[in-house]
Amino acid sequence: MGNTGSLIKNIVGDKFFFGRVGGEEFVMVCPMLNKSKASLLSDRIRERLSKTRFKVGAKKNEQKIQITCSFGVAEFSEELTDISETFEAADKALYKAKDEGRNTVCVYTKNGII
């Protein structure tokens, strides 16, 4: 059984910031990774979460559920030099991932979202 926060912390450790942005959206700041490595890390988290069963409900009515997640990755770099711009790019990539059927990772690049 899993707890989402501790599962992600086990994967990323204390090197990265992970927190809720709002609603069902979270942000992960990876200062030591470029977007290719961040994409691989995101895919690893996505895969682990989709394989984990989470307990919900009171003991008598407890059920185990499976969740999925989608990621939008963008890199604060020469291409995206403003943090707001970087978050907006990641958000665009996230919505592309959701449009592609969810449970996927999309990366913002200057040539489009892949």
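Keep in mind that this is a model prediction, so the values were computed, not measured.

Conventions used here
Residues numbered from 1 in each chain as written. Predicted model: local features only at pLDDT ≥ 70, side-chain atom pairs only at ≥ 80, totals over all residues. Heavy atoms only, no water. Patch = residues over 30% accessible without salt bridge, like charges linked within 9 Å, V, L, I, M, F, W, Y side chains within 5 Å. Areas by Shrake-Rupley, 256 points an atom, 1.4 Å probe, with all protein chains shown as cover. Salt bridge = Lys/Arg side-chain N within 4 Å of Asp/Glu carboxyl O. Helix = DSSP H or I, 4+ residues; strand = E, 2+ residues; numbered from the N terminus. Contact = heavy atoms within 4.5 Å. Buried < 20%, exposed > 50% of the residue type's maximum accessible area, 1.4 Å probe, protein only.

How should I be thinking about a nonpolar patch on the surface in this particular structure?
Taken together, Phe17, Val29, Phe76, Ile83 and Phe87 make up a surface patch of nonpolar side chains, about 490 Å² in accessible area. If you trace the backbone, Ile83 turns up in helix 3 (residues 83–99).

How should the side chain of Thr86 be read in this particular structure?
Mapping Thr86 onto the fold places it in helix 3. Look past the residues within four positions of Thr86 in its chain and what remains in contact with it is Ala74, Glu75, Phe76 and Leu80.

Explanation requested: unusual backbone geometry in the structure shown.
The phi torsion of most residues other than glycine is negative, and most of the peptide bonds are trans. Positive phi outside glycine occurs at Arg102, with the angle close to 65 degrees. Here Arg102 lies in the loop between helix 3 and strand 6 (105–109). The backbone of Asn103 shows a phi angle near 50 degrees, a positive value even though the residue is not glycine. Following the sequence through the fold, Asn103 ends up in the loop between helix 3 and strand 6. Given the relative accessible area of 25%, Asn103 is considered partly exposed.

What is the right way to look at the pattern of salt bridges in this model?
Side-chain pairs of opposite charge can arise whenever the charged atoms involved come near each other. What the rule picks out here adds up to seven salt bridges. Two residues, Lys98 and Glu25, come together in a salt bridge whose shortest N-O distance is 3.9 Å. With Lys98 in helix 3 and Glu25 in strand 2 (residues 25–29), this residue pair connects regions lying 73 residues apart in the sequence. With its nearest N and O atoms 3.2 Å apart, the salt bridge here joins Glu100 to Lys96. A residue is classified by how much of its surface remains accessible, and Lys96, at 34% relative accessible area, is partly exposed.

Shape descriptors only; they carry no functional weight alone.
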